[in-house]
Amino acid sequence: MLKHACHLLIVTLGLLPSVVHAAANRPNVIVILSDDQGYGDFSCHGNPKLRTPNLDRLHDQSIRLTDFHVAPMCTPTRGQLITGLDALRSGASSVCAGRSFIRRDWPAGPADQAAPPPPSTMAERFAHFGYKTALFGKWHLGDSYPNLPENRGFQDTVYHLGWGITSMADLWCNDYFNGRFRHNGVLHEYPGYCTDVWFDLGMSWIRDRAKADEPFFLYLPTNAPHGPLWVADKYRQPYLDQGLKKPLASFFGMIANIDENVGKLDRLLEETGLRDNTILIYFHDNGGTAGVNFYNAGMRGRKTTYYEGGHRAACFVRWPGGNLRSPGDVDELCEVQDLLPTLTEFCDLGAPKSAGDGVSLASLLNGKRERLADRKLVVQYGQKPEKWQSAVLWKKWRLVHGTELYDLRSDPGQEKEVAAAHPDVMKQLREHYESWWSGVEPLLDDFVPIVLGSERENPVTLSAADWANVYCDNMHDLRLGKQANSVWHVQVARSGRYRISLRRWPKEADAAIVAGVPVFHAVDGELPEGKALPITKARLKIGDVFDQSAPVGAKNKSIWFDVDLQAGPKTTMQTWFYDAAGNELCGAYFTYVERVNAR
């Protein structure tokens, strides 16, 4: 049984009461999304050392989308999957920088144009049409209400915060082994290795659905093999024995553990009789990382880049009882935004409330058509998106950064730039991007706010991970005292008296603002000693209504301010820490906002 299992009644934005269908013949859906695995990190893709027998078997049993693209970083891909929207449209365009939230509504347009209806998430759609929904693993689309998975359509959830275990937003001194994760928002400890925990929870939940004869949508986004590269020795040692250095051996060991769990999941589907009527999708969230220098399947680029190695991903789709075309490669241009409309069609989830940016691949997957309609796609993400920092895809053409053109038919490694030889192609791709950019540019500074003072979550923790347009979300940024600062975009839910506490370290660290902290010794690694900072003054500014400073003493663990705030439109909040000479050192990496009296 799922540990501490319960089902929450989810009130999703803009949805009618749930539509209940009979379970018979409705396909179940499992989406597995690995973190920082690359296209070359499968033995079935030619990796000469890594062994992934269960993923290889899934590959052989699946339709393989061999020209499938994601974002070059993880949060944009996750937002695109969940909403079916391009990253710059959904709001979740970056892993941090105040841009890791998917929109709850749309910004107002011109006075004579009504805003389109808000998009519903993949989980909201499944729940609305009578499916049970669950997420176990990495969310990374917001760390507080109303941006958490249980607020966006998932009925059962266990997850960590931030980009991963040891991220700034996650729990202080959390570990890949025996970690502490949130079950529908409530913190519990889960024995074992994190990837095993996610799959074990998922398999227990599937057994419950099978007993109750309930159709289900299960999202299993692993935080592995993202760093830190912590894994049990039994998975790493086979690669050390082959002469690989420890970081790469650990990375491959983390993938081997995922592979083992995929095998266990597949056996469960066989045992429960669910395999034939379950759509199983496996893909990864961006280009390669730790394995790129060893093997990258002949591609140029890696995570964060706009070359093929940054955004081309493996995507395996299996549905044995779904009358799909025979397993094999399908080399049509596809993007992660296509998965939501595809599942919507396969599972009869009705027409979406608003148009997305993907297209259904159902007729391609079931063999009713061999080709999709001609299309051009844009891959773009970023903590401060700029024009032409992108890739435009058309057939096998790739326009990178608006000036570099590559023809993958003759040059799959993108070694020869051919813009001068193909001005007609350049013109078409640049015109497509200009039109696309004109649609997303007005949205770029419309940040999704963090909600303060809601009855659903009070107090709220703000971290440096959500400073606008600033990259400051790694534990090393905190421990080494990164000199960074920016505003949080916030919205006050209820008028009242608020206590706002500024801290260098999170509450769980129980450390003075000026103090350092010891090394964290994890089961399979460590995090460095936390550096002391000579902080003598703290300052808080909220929009145009509050701006005050206070001294910081040697023993102060926090500096707090009491502020009267009015509910209303979003505003900005910023903090500062200064030294004795008045030099800015950083912002308060953690700020806790509590409504103490409502008005």
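Whatever comes next refers back to the structure up there.
Residues numbered from 1 in each chain as written. Predicted model: local features only at pLDDT ≥ 70, side-chain atom pairs only at ≥ 80, totals over all residues. Heavy atoms only, no water.

**Student:** Describe in detail the overall build of the protein, supporting the description with residues and values.
**Tutor:** Counting secondary structure elements, the protein contains twelve helices and 29 strands. Going through the 599 residues of the protein one by one, you find that 62% of them count as buried. Long-range pairs, those at least 24 residues apart, make up 71% of the contacts in the protein between residues at least 6 apart in sequence. For the protein, the exposed surface amounts to about 22,400 Å²; the carbon and sulfur share of it is 50%. (Helix = DSSP H or I, 4+ residues; strand = E, 2+ residues; numbered from the N terminus. Buried < 20%, exposed > 50% of the residue type's maximum accessible area, 1.4 Å probe, protein only. Contact = heavy atoms within 4.5 Å. Areas by Shrake-Rupley, 256 points an atom, 1.4 Å probe, with all protein chains shown as cover.)

**Student:** Break down unusual backbone geometry for me, citing the residues and quoting the values.
**Tutor:** Of note, the bond from Ala 224 into Pro 225 is cis; its omega dihedral lies within 30 degrees of zero at 5°. In this fold, Pro 225 is placed in the loop between strand E8 (216-221) and helix H6 (233-240). Not every positive phi belongs to a glycine, and Thr 166 is a case in point at roughly 85°. Topologically, Thr 166 is positioned in the loop between strand E5 (156-160) and strand E6 (180-183).

**Student:** Before we move on, could you go through the sheet that holds strand E26 (residues 559-565) and cite the residues and values that matter?
**Tutor:** Taken together, the four strands give an open sheet; going across it, the order is E19-E29-E21-E26, and neighbouring strands pair in antiparallel fashion. Looking along the sheet, the strands with just one partner apiece sit at the ends: strand E19 (460-463) and E26. Ignoring strand direction, the axes of neighbouring strands in this sheet form an average angle of 25°. In the sheet, strand E21 (residues 496-503) pairs with E26 via seven bridges, with the strands oriented antiparallel. Directly across from Leu 502, in E26, lies its bridge partner Ile 559. (Pairing = 2+ DSSP bridges. Axes fitted to C-alpha atoms, helices over the stretch in contact; angles between N-to-C directions.)

**Student:** How would you sum up the environment of Ser 486? Please name residues and give values.
**Tutor:** Turning to its location among the elements, Ser 486 is positioned in the loop between helix H12 (475-479) and strand E20 (488-492). By relative accessible area, which is 13% here, Ser 486 ends up buried. Separated by 87 residues in sequence, Ser 486 and Met 573 place their C-alpha atoms 8.7 Å apart. Residues within four places of Ser 486 in sequence aside, it is in contact with Trp 467, Ala 468, Val 470, Met 573 and Gln 574. At 2.7 Å, the side chain of Ser 486 forms a polar contact with the backbone oxygen of Ala 468. (Polar contact = N/O pair within 3.5 Å; in protein donor to acceptor, adjacent residues only side chain to side chain.)

**Student:** So what's going on with the packing of aromatic side chains? Which residues, and what values?
**Tutor:** This structure, assessed with the given rule, holds 28 aromatic pairs. Here Tyr 176 and Trp 230 contribute two aromatic rings whose centre-to-centre distance is 5.6 Å and whose plane-to-plane angle is 65°, an arrangement assigned as edge-to-face. Placement of Tyr 176 in the loop between E5 and E6 and of Trp 230 in the loop between E8 and H6 is noted, with a sequence separation of 54 residues between them. No difference in accessibility class separates Tyr 176 from Trp 230, as the two residues are buried. With a centroid separation of 6.1 Å and an interplanar angle of 40°, the aromatic rings of Phe 251 and Phe 252 are classed as tilted. Judged on exposure class, the residue Phe 251 and its partner Phe 252 are both buried. Each residue in the set Phe 126, Tyr 131, Trp 139, Phe 154, Phe 217 and Tyr 219 is aromatic and connected to the rest through ring pairs, giving one cluster. A cation over an aromatic ring shows up here: Arg 312 above the ring of Tyr 39, its NZ or CZ 4.1 Å from the ring centre. (Phe/Tyr/Trp six-rings, centres within 6.5 Å; stacked < 30°, edge-to-face > 60°. Lys NZ or Arg CZ within 6 Å of the ring centre and 35° of its normal.)

**Student:** Which residues make up empty space enclosed by the protein, and what values go with them?
**Tutor:** Scanning the model with the defined rule gives four cavities of 30 Å³ or more in all. Computed from the structure, the largest cavity encloses a volume of approximately 110 Å³. Lining the largest cavity are 14 residues, with Gly 91, Arg 99, Arg 103, Leu 443 and Leu 444 positioned closest to its centre. Here the lining of the largest cavity is composed, by residue class, of eight nonpolar, three polar and three charged. By volume, the second largest cavity is sized at about 70 Å³. Lining the second largest cavity are 13 residues, with Val 95, His 140, Asp 143, Gly 162 and Ala 465 positioned closest to its centre. A class-by-class count of the residues in the lining of the second largest cavity yields six nonpolar, four polar and three charged. (1 Å grid on protein atoms, 1.4 Å probe; cavity = no way out; pocket = protein on both sides within 12 Å on 5 of 7 lines; lining within 4 Å. Points joined across faces, edges and corners; volume = space filled by probe spheres on them. Nonpolar A, V, L, I, M, F, W, Y, C, P; charged D, E, K, R; others polar.)

**Student:** Could you give an account of the packing of helix H5 (residues 194-212) against helix H7 (residues 246-272), naming the residues involved and the relevant values?
**Tutor:** The geometry of H5 relative to H7 is characterised by a closest axis approach of 10 Å and an angle of 10° between their N-to-C directions. Classified by the angle their axes make, H5 and H7 are roughly parallel. Here Thr 195, Asp 196, Phe 199, Met 203, Ile 206, Arg 207 and Ala 210 of H5 come into contact with H7, specifically with Asn 257, Ile 258, Asn 261, Val 262, Lys 264, Leu 265, Leu 268 and Thr 272. By residue class, the composition of the contact of H5 with H7 is eight nonpolar, four polar and three charged. (Parallel < 35°, antiparallel > 145°, perpendicular 65-115°, else oblique.)

**Student:** Could you give an account of the pairing of strand E17 (residues 404-407), naming the residues involved and the relevant values?
**Tutor:** Side-chain alternation along E17 places Glu 404 and Tyr 406 on one buried face and Leu 405 and Asp 407 on a second face that is also buried. Pairing of strand E16 (residues 397-400) with E17 involves four bridges; the strand directions are antiparallel. Directly across from Val 400, in E17, lies its bridge partner Glu 404. With antiparallel pairing between neighbouring strands as the criterion, E16 and E17 make up a hairpin whose turn holds three residues, including His 401 at a positive phi of roughly 60°.

**Student:** An account of the packing of helix H1 (residues 53-61) against H7 is needed here, citing residue identities and associated values.
**Tutor:** Between H1 and H7, whose axes approach to 7 Å, the crossing angle comes to 55°. Taken together, the axes of H1 and H7 lie oblique to each other. Every residue of H7 that contacts H1 at Pro 53, Asn 54, Leu 55 and Gln 61 is listed here: Asp 259, Glu 260, Val 262, Gly 263 and Asp 266. Across the contact of H1 with H7, the residue classes tally to three nonpolar, three polar and three charged.

**Student:** Which residues make up H5, and what values go with them?
**Tutor:** Structural remark: α-helix, 3.6 residues per turn; residues separated by three or four positions point the same way. Helix length check: H5 (19 residues) gives 27 Å between terminal C-alpha atoms against 27 Å at 1.5 Å per residue, within 8%. Two residues or fewer past H5, Asp 213 is found with a positive phi of approximately 55°. (Expected span 1.5 Å × (residues − 1).)

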